[in-house]
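Observations on the model geometry
Spelled out from the first residue to the last, the chains are:
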There are 2 protein chains.
Amino acid sequence: MKDQDAKTLSNTQRAVRDLRRMILSGELAAGTDHLESELAETLGMSRTPIREAALMLESKGLLEMRPRKGVRILPVSSDDMREIYDILTELESLAAQRAAEAGYSEDELAVLAGSIAKMDQAIEAEDLEAWAEADELFHQELVRLGGNKRVEAIVAMMSDQVRRARATTLFIRPLPVKSNEDHRVVFQAISEGRPGVARERHREHRLQAQAMLCGILEKHRLNSL
Amino acid sequence: MKDQDAKTLSNTQRAVRDLRRMILSGELAAGTDHLESELAETLGMSRTPIREAALMLESKGLLEMRPRKGVRILPVSSDDMREIYDILTELESLAAQRAAEAGYSEDELAVLAGSIAKMDQAIEAEDLEAWAEADELFHQELVRLGGNKRVEAIVAMMSDQVRRARATTLFIRPLPVKSNEDHRVVFQAISEGRPGVARERHREHRLQAQAMLCGILEKHRLNSL
DNA sequence: GCATTAATTTGCGTATACATTAAAGAATGC
DNA sequence: GCATTCTTTAATGTATACGCAAATTAATGC
């Protein structure tokens, strides 16, 4: 397991993985600056792989490299949230449509169905962390079923950018009961092979999620997460 | 002018700019491999900035770094073209909608109008290069007016990826007369503030462009450009 | 005491060196 | 002649060194 670390992965790859983790977990807080040399020491490697990793994470929108000021972990404002959800709405709806067009078998839709089941259980148990994880899986799998690798990559990128903000709002927002119903409707449209319905239902789902999340952020003046 | 080169831009930035140029122009042909050291010599700098530039261009989907095999300039297949146009269709349509919602003044729409005028002139003169340039400007400006920076970045990235392929099909495809009409319709919807119409018209425009381009690629067996 | 300039520090950009390891080629055994 | 193993080559991944410019601090003049 840990062998993956030293053996197959290069230091640059490890740096990408670890820095990403630290950013998403909040260990590297939004808005904070970090010198390349600090990060290098923290991760136990030289500046070279750190710089390469930072460059990659910069193009994924997680941080920004500013000469002499260090690497800045990018905060997410409610405006950013809007931008990102606009994109997620469009691309995921497309994916839902394409998934419905593809005519997947029950087997092929098992993961998607499983993610919905997990969300139901999580709601039952009022376990928000588990719900969030299953929700993430649903959206990821939906996009995978859409069959467009680039959409997959973009959606993953956008999801990363809002993950911190989502984690924060998780305990403020209402219990996502409605959300689960939405997922079920989308799933049904896909399994019945109804592209138009899948697309539109998912679109509405995302628009509502966006309105809710941005509303919360603005109401609570959470303007950089 | 040339001062920008040595003065304000870092070698890494120059490498990004120059490599991108060379890829888009075909000077670095699709599917070819290039050692980091070769590229370094070509651009007159050390491997370090070349590696950094390559990393950035890799995340923009223009090339791929494969250990020991060198930097590979990514070809674009007709499947790639489909993926990319699917994304452009969704995101540009959103931009058209948002631009219409924004209620821009005539002044603010001047660049967009100008690009349409240029396309008309180009068609008149049967100057396809000029038409392509103006078309590029139209789409770029449309997305800018949409007001979503991330959409702008993604669309730019996708456009880069298909630029070579578009250049090739340019002289095979029919004269883009219909295309110009489409642009005018979209423009009108935006200037009249009709988001739904702008969105739908642009969507249809892109779907047609996609069908036409992918059709040509497949018909001519152009499967990696 | 304040502003302006000089000195110093510090972090980055980049060249360079080197260890590692995959790939290519040579040599050996059958 | 062919397969297999050993050698050699060569390209990468990474550490390191260093010049340069920005930022900070000290110093000087008023």
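1. Some words on the interface of chain B and chain A
- Listed as interface residues are 24 residues of chain B and, on the opposing side, 24 residues of chain A.
- Summing both partners gives a buried area of about 2200 Å² for chain B against chain A, and 50% of it is carried by carbon and sulfur.
- Taken as a group, B:E83, B:E90 and B:R150 account for 27% of the area that chain B buries against chain A, more than any other trio of residues on that side.
- The tally of links between chain B and chain A comes to 10 salt bridges.
- With its nearest N and O atoms 2.2 Å apart, the salt bridge here joins B:R98 to A:D86.
- Where chain B meets chain A, there are 17 residue pairs in polar contact (both at pLDDT 80 or more).
- No other element matches helix α5 (residues 78-102) of chain B, which puts 9 residues into the side of chain B that touches chain A.
- Looking at the side of chain B that touches chain A residue by residue, the classes come out as 9 nonpolar, 4 polar and 11 charged.

2. Quick word on the relation of the copies chain B and chain A
- You can overlay chain B on chain A at an RMSD of 0.0 Å; the transform is a turn of 180° with a shift of 0.0 Å along its axis. Such a turn and shift between the copies fits a two-fold axis.

3. Thoughts on the nonpolar core
- In terms of nonpolar packing, the biggest core is built from 43 residues, with A:M81 and B:M81 touching the most fellow members.
- The set of elements that each furnish at least two residues to this core consists of α5 (78-102), α8 (149-169) and α10 (195-219) of chain A together with α5, α8 (149-169) and α10 (195-219) of chain B.

4. Quick word on the domain arrangement of chain A
Residues and elements named next belong to chain A.
- Domain assignment breaks chain A into domain 1 (3-73) and domain 2 (78-219).
- Taking only C-alpha atoms, the centre of domain 1 and the centre of domain 2 are 29 Å apart.
- Each side of the interface is counted separately: domain 1 has 9 residues, and domain 2 has 5 residues.
- Carbon and sulfur atoms make up 52% of the surface buried where domain 1 meets domain 2, a total of about 650 Å² over both sides.
- At the junction of domain 1 and domain 2, the tally comes to 1 salt bridge.
- A salt bridge links R20 to D160; the nearest nitrogen and oxygen atoms lie 2.8 Å apart.
- Inspection of the domain 1/domain 2 interface yields 2 residue pairs in polar contact (both at pLDDT 80 or more).
- In terms of residues, the side of domain 1 that touches domain 2 owes the most to one element, helix α2 (residues 11-25), which gives 3 residues.
- Of the residues assigned to the side of domain 1 that touches domain 2, the class counts are 5 nonpolar, 2 polar and 2 charged.

5. A closer look at the environment of A:S10
Residues and elements named next belong to chain A.
- Here S10 lies in the loop between α1 (3-6) and α2.
- The partly exposed category is assigned to S10, whose relative accessible area is 33%.
- In sequence terms S10 and E27 are 17 residues apart; their C-alpha atoms lie 23 Å from each other.

6. Quick look at the protein's contact with DNA strand D
- Residues in close proximity to DNA strand D total 16 residues, the closest being A:N11, A:T12, A:S46, B:R51 and B:R68.
- At 2.8 Å, a side-chain N or O of A:T12 approaches a phosphate oxygen of DNA strand D.
- Here B:R68 contributes a side-chain N or O atom positioned 2.9 Å from a base nitrogen of DNA strand D.
- Counting residues per element, the ones that place at least two in the surface near DNA strand D are α2 and α4 (47-59) of chain A together with α4 (47-59) of chain B.
- Taken together, the residues of the surface near DNA strand D break down into 4 nonpolar, 6 polar and 6 charged.

Scoring rules and cut-offs
- Residues numbered from 1 in each chain as written.
- Chains lettered and ligands numbered in written order.
- Predicted model: local features only at pLDDT ≥ 70, side-chain atom pairs only at ≥ 80, totals over all residues.
- Heavy atoms only, no water.
- Contact = heavy atoms within 4.5 Å.
- Buried area = accessible area lost by both parts, 1.4 Å probe.
- Salt bridge = Lys/Arg side-chain N within 4 Å of Asp/Glu carboxyl O.
- Polar contact = N/O pair within 3.5 Å; in protein donor to acceptor, adjacent residues only side chain to side chain.
- Helix = DSSP H or I, 4+ residues; strand = E, 2+ residues; numbered from the N terminus.
- Nonpolar A, V, L, I, M, F, W, Y, C, P; charged D, E, K, R; others polar.
- Least-squares fit on C-alpha atoms with pLDDT ≥ 70 in both.
- Core = buried A, V, L, I, M, F, W, Y, C linked by side-chain atoms within 4.5 Å.
- Buried < 20%, exposed > 50% of the residue type's maximum accessible area, 1.4 Å probe, protein only.
- Domains from an automatic or database assignment.
- Near = heavy atom within 4 Å.

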